[in-house]
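# Residue-level structure breakdown
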Amino acid sequence: ALVSKTLPKCILNQAHEIQVKISTRQPESTLWIDHRRGDVARSVSSSGSGLASSASTATSDVDHHVDTDTNEILLYKGKAGIVAAGTAPYYGGGLRLFPFACMHPNKMHLRVGRIHPIRGFLNIPKIFSGEYRDKNDDTFGCIDFIGPQLEIEVSSAQQQQQEQDGYPLQHSGESIGIVNKFQLEVVENPVRFITFMSRRPIEEAPTTIAEL
C-alpha cells in the first residue's frame, strides 16, 4: 500500500502535508533536541533555542513567540507530514519512533516529521531503529521536543483547499476521533511497571583465578 497508493498520492497531490502549530505552557520544562550538535538538549525558554515558523528562521530569538498573558510559547508553526508523541521509545512493532522518550522522567517525546514520504521510504531502516536525524539547517526534516505539556493545532496545508471538519487522531494505534486541536500532558503520578531485567553493575566483583 505504501508504494502503490501512499507515495503516488503524496507525489501528485502533496496529500502528506498538514499545517500545524505546536505550543506549550511549560517552556521552563520543555527541551528541543538539536541534531546538528549531536542531539544536544536545549531549553526552549532560552533565547535562540526555539523554532519559528520556517526552517530559515529556526534559530531566531524565541522571546518573540511568547504570550505574556498565558506564558505560552510557540515551539513550531509550519508544514508537517506527521506529529506524534510518546512516553516510551517504541511506536509499535519494534519501530523506535521516539528515541528520546525516556531521557527525562515525567516527560514525553514529540516528533514532527517534515521529510517527503519518498525520503522517508529510502530511510526506513534508520527511522525504524531510531537513528534517523536531519542535521541540515535548510530543511529541519525531523524536529524533536521533550516536555510535560504540549498543545497542537492542525489545519490544511493547501490554502485553496476547503478546511476539513478535522483530522484523524490516534492513541496507541486506535482512532479516538477527528480533531483540529488537542493537548498532550504527562500525568504527575504515572503508572509504574515491574521489570525482570537485571540491574546495572555498580561494583564489579573481583575476578578469581578459577574463573580465568
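Residues numbered from 1 in each chain as written. Predicted model: local features only at pLDDT ≥ 70, side-chain atom pairs only at ≥ 80, totals over all residues. Heavy atoms only, no water.

Before going further, it helps to spend a moment on the nonpolar core. Core analysis: the largest hydrophobic core is formed by 23 residues, its most contacted members being Ile-22 and Phe-145. Elements represented by at least two residues in this core include exactly strand S1 (18-24), strand S5 (72-80), strand S7 (108-113), strand S8 (142-147), strand S9 (149-156) and strand S10 (167-171). In this structure Ile-22 touches Ile-73, Leu-74, Leu-75, Tyr-76, Val-83, Leu-110, Val-112, Leu-150, Glu-151 and Ile-152, once residues within four positions along its chain are discounted. If you look at the next biggest cluster of nonpolar residues, it comprises five residues, including Ala-84, Leu-97, Phe-98 and Ala-101. (Core = buried A, V, L, I, M, F, W, Y, C linked by side-chain atoms within 4.5 Å. Buried < 20%, exposed > 50% of the residue type's maximum accessible area, 1.4 Å probe, protein only. Helix = DSSP H or I, 4+ residues; strand = E, 2+ residues; numbered from the N terminus. Contact = heavy atoms within 4.5 Å.)

Moving on, we get to the sheet that holds S5. Taken together, the five strands give an open sheet; going across it, the order is S4-S5-S1-S9-S12, and neighbouring strands pair in antiparallel fashion. Every other strand in the sheet has two partners, leaving strand S4 (66-67) and strand S12 (181-185) as the edge strands with one partner each. Bridging between S4 and S5 involves two bridges; their strand directions are antiparallel. Among the inter-strand pairings, Asp-67 is bridged to a residue of S5, identified as Glu-72. (Pairing = 2+ DSSP bridges.)

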